[in-house]
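Examination of the molecular architecture
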Amino acid sequence: MKNYNIAIDGPAGAGKSTIAKSIAKNLQFIYVDTGAMYRAVALYMIRQQIDPEDDIAITNACNNIDVTIAYVNGEQQVILNGENVNSLIRTEEVGKMSSAFAKHKTVRTKMVELQRNLAAKANVIMDGRDIGTVVLPNADLKVYLTASTQERARRRWNELTDKGIACDFNEIEQDIIARDTQDMNREISPLCQAEDAILVDSSAMSIEQVINVIIQLYKEKC
Ligand code: DC
């Protein structure tokens, strides 16, 4: 039986995971958050005090990293060498470092293989930076989900403020711009819109509206 794959790519803070998670529930697909896998790799490297520019150390470390995915009540759990690291990978530091380590070929090769294996087994909606371009070039539907940097910074600021975390709007916006620059300009698999991806700019859209647009696109195409 054919597996259906939906690829959602886009920059940090565009709402990919919230939207993909909800669409997965609606269509009864498995949601795969590939950013979480790169975050788990970054956590390992941080713990080992490996420099993001140290190519040899990173290549060696990749031989000692085992990242797997499990699901508990439908929620993706990232298992790093047997340890569930879900609660440790959502910090700003891990986010920044995952972007820095993600530019390395050995890291990407390892993650892409894992991601393709997951997509081969089930109907998946996968989000990341290179899903439509590299991981699943034959995905049934590809969406490039973006929003203005100001809007993405505003959403992040709201999210942190709601959690009672003190933060500075300009600093958040600068971090977003720096991460975009790094993810869009790396040599291997940079973030870009696949030729056959549909652009959805969520700057002036609610989460519900984006979800409805993507589900409609899926129903029209598949
Ligand atoms: O989606 P996220 O913020 O959790 O991703 C963290 C970083 O991981 C992102 O800045 C770049 C990297 N990443 C990647 O290079 N390729 C992916 N498919 C997903 C994430």
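The sections below set out a description of the structure shown in this document.

What counts and how
Residues numbered from 1 in each chain as written. Predicted model: local features only at pLDDT ≥ 70, side-chain atom pairs only at ≥ 80, totals over all residues. Heavy atoms only, no water. Core = buried A, V, L, I, M, F, W, Y, C linked by side-chain atoms within 4.5 Å. Buried < 20%, exposed > 50% of the residue type's maximum accessible area, 1.4 Å probe, protein only. Helix = DSSP H or I, 4+ residues; strand = E, 2+ residues; numbered from the N terminus. Contact = heavy atoms within 4.5 Å. Near = heavy atom within 4 Å. Polar contact = N/O pair within 3.5 Å; in protein donor to acceptor, adjacent residues only side chain to side chain. Nonpolar A, V, L, I, M, F, W, Y, C, P; charged D, E, K, R; others polar. Axes fitted to C-alpha atoms, helices over the stretch in contact; angles between N-to-C directions. Parallel < 35°, antiparallel > 145°, perpendicular 65-115°, else oblique.

Core analysis: the biggest nonpolar cluster contains 36 residues, and Met45, Val67, Val78, Val107 and Met126 have the highest contact counts within it. Only α2 (34-47), α3 (55-62), β3 (67-72), β4 (75-80), α4 (92-101), α5 (105-121), β6 (124-128) and α6 (131-135) provide two or more residues apiece to this core. The greatest single-element share of this core, amounting to nine residues, is contributed by α2. Among all residues touching Val107, those that are not within four sequence positions of it are Tyr38, Val41, Met45, Ile58, Cys62, Phe101 and Ala102. By size, the runner-up hydrophobic cluster in this structure holds 21 residues, among which are Ile23, Val143, Leu217 and Tyr218.

On to the site of the ligand. Taken together, the neighbourhood of the ligand is formed by 16 residues, with Arg39, Arg108, Arg179, Asp183 and Arg186 sitting nearest. Contact between the ligand and Thr34: a nitrogen atom at 3.0 Å from a side-chain N or O atom of the residue. For the ligand, an oxygen atom lies 2.8 Å from a polar atom in the side chain of Arg186. When residues of the shell around the ligand are traced back to their parent elements, those giving at least two are α2, α4 and α8 (169-185). The biggest single contributor to the shell around the ligand is α2, with four residues. Taken together, the residues of the shell around the ligand break down into three nonpolar, five polar and eight charged.

Running from N to C, α2 and α4 cross one another at 95°; their axes reach a closest spacing of 8 Å. Looking at the two axes, α2 sits roughly perpendicular to α4. Listed contacts from α4 to Tyr38, Arg39, Ala42, Met45 and Ile46 of α2 are Glu93, Val94, Gly95, Met97, Ser98 and Phe101. Residue composition of the contact of α2 with α4, by class: seven nonpolar, two polar and two charged.

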